[in-house]
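Chain residues, written in single-letter form:
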Amino acid sequence: MRIVRRSLRGRKMKIAFQGAFGANSDMACRVVYPKCETVPCPDFDDAFQAVASGKADLAMIPVENSVAGRVADVHHLLPEGKLHIIGEHYQPIEHHLLGVKGATLKDIKRVESHVQALAQCRKWLKKHGIKPVIHDDTAGAAADIGKRGDKTVAAIASGLAGKIYGLKSLATGIADGAGNTTRFLILSRQAREAKPGSDCITTLVFTVRSVPAALYKALGGFATNGCNITKLESYLAEGNFTAAQFYLDVEGHPKDRSLRLALEELAFFAHEVKILGIYPAHPFRRQ
């Protein structure tokens, strides 16, 4: 996947991410945009706002992990954030158990990290009798552990975080599932659409009308027109228990005949259909 990496009016481009320097999101930014300045943000909403306000040009936001599933909160922010998805990135995740200098694996009684990282290493931690403690983010946990200097407490974070905060890797590759990978979406204030007929993904959200079999009928057009849905999730919006909002990824471009017809049928049975982005499919999808 080739994504434009250029300075805007002579200044260095900035890309926002949730977490502290050394977070897995920071690593993803550096892989896709090695010449950009990464901008750490306390939470996902702040990362969205950094782009919306012009503080950053882009944002790198995780949406799902192959071990722990979807990332909470992001699906609510995507349709509300008024940003456009311009790309995706699949980042292999290698979790390190990071301790202070002089500590050993046997010393560790408690580990701090983001809830997603803890979930991805749940079985390993249980096997070693280490108590998980939720922290705001992986790299932030590493920074705190480094300041504390307690040999009985470790952090689960990236190797990059270990180098930044002067920690020792006591164990690596501790995720419960093989091939631990996180999918990220790249967001921008300006839409940047892939070309019709290209290998691309269209992401949209919609709410079905309150009629019998509405979802079945709304999705029927994708099947009859041969459109491959790669992701479909539902979640409650605005505290409403009767009308769920759906997030959908589908292969193809809305101007391609097959997807155009499928979307026309979707619109007949749904309302508030909103396309969030039309962007190149990452090569990881073809592996």
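Residues numbered from 1 in each chain as written. Predicted model: local features only at pLDDT ≥ 70, side-chain atom pairs only at ≥ 80, totals over all residues. Heavy atoms only, no water.

K.L.:
I would appreciate a short explanation of helix 6 (residues 138-148) in the present structure.
P.N.:
Side chains of residues three or four places apart in an α-helix project in the same direction, reflecting 3.6 residues per turn. Those residues of helix 6 that fall on the buried side of the exposure criterion are T138, A139, G140, A141, A142, A143 and I145. The elements touched by buried residues of helix 6 are helix 1 (24-32), strand 6 (96-99), strand 7 (110-113), helix 4 (115-120), strand 9 (153-157) and helix 7 (159-164). For helix 6, the capping residue at the N-terminal end is D137, with a side-chain oxygen 3.3 Å from the backbone nitrogen of A139. (Buried < 20%, exposed > 50% of the residue type's maximum accessible area, 1.4 Å probe, protein only. Helix = DSSP H or I, 4+ residues; strand = E, 2+ residues; numbered from the N terminus. Contact = heavy atoms within 4.5 Å. Polar contact = N/O pair within 3.5 Å; in protein donor to acceptor, adjacent residues only side chain to side chain.)

K.L.:
Quick question: what am I supposed to make of a negative patch on the surface here?
P.N.:
Together, D43, D45, D46, D73 and D136 make up a negatively charged patch on the protein surface. Relative to the elements of secondary structure, D46 occurs in helix 2 (residues 44-52). (Patch = residues over 30% accessible without salt bridge, like charges linked within 9 Å, V, L, I, M, F, W, Y side chains within 5 Å. Areas by Shrake-Rupley, 256 points an atom, 1.4 Å probe, with all protein chains shown as cover. Salt bridge = Lys/Arg side-chain N within 4 Å of Asp/Glu carboxyl O. Lys, Arg positive; Asp, Glu negative; His and termini not counted. Charge placed at Lys NZ, Arg CZ, Asp CG, Glu CD.)

K.L.:
Whenever I open this one, the state of the cysteines confuses me. Can you help?
P.N.:
Linking two cysteines covalently through their sulfur atoms gives a disulfide. In this structure the tally under the stated criterion is zero disulfides. C29 carries a free sulfur, and the closest cysteine sulfur to it, the one in C36, is 8.5 Å from it. (Disulfide = S-S within 2.5 Å.)

K.L.:
I tried to follow the confidence of the model for the protein on my own but got confused; where do I start?
P.N.:
Atom-level detail of predicted coordinates should not be read off regions where pLDDT is low. For the protein, per-residue confidence averages 91 on the pLDDT scale, and 94% of positions sit at 70 or higher. Averaged pLDDT values for the elements of the protein fall to 81 in helix 3 (residues 74-80) and rise to 98 in strand 6. Counted against residues more than four places away or in other chains, residues 1-6, with its pLDDT under 50, gives 18 contacts. (pLDDT = per-residue confidence, 0-100.)

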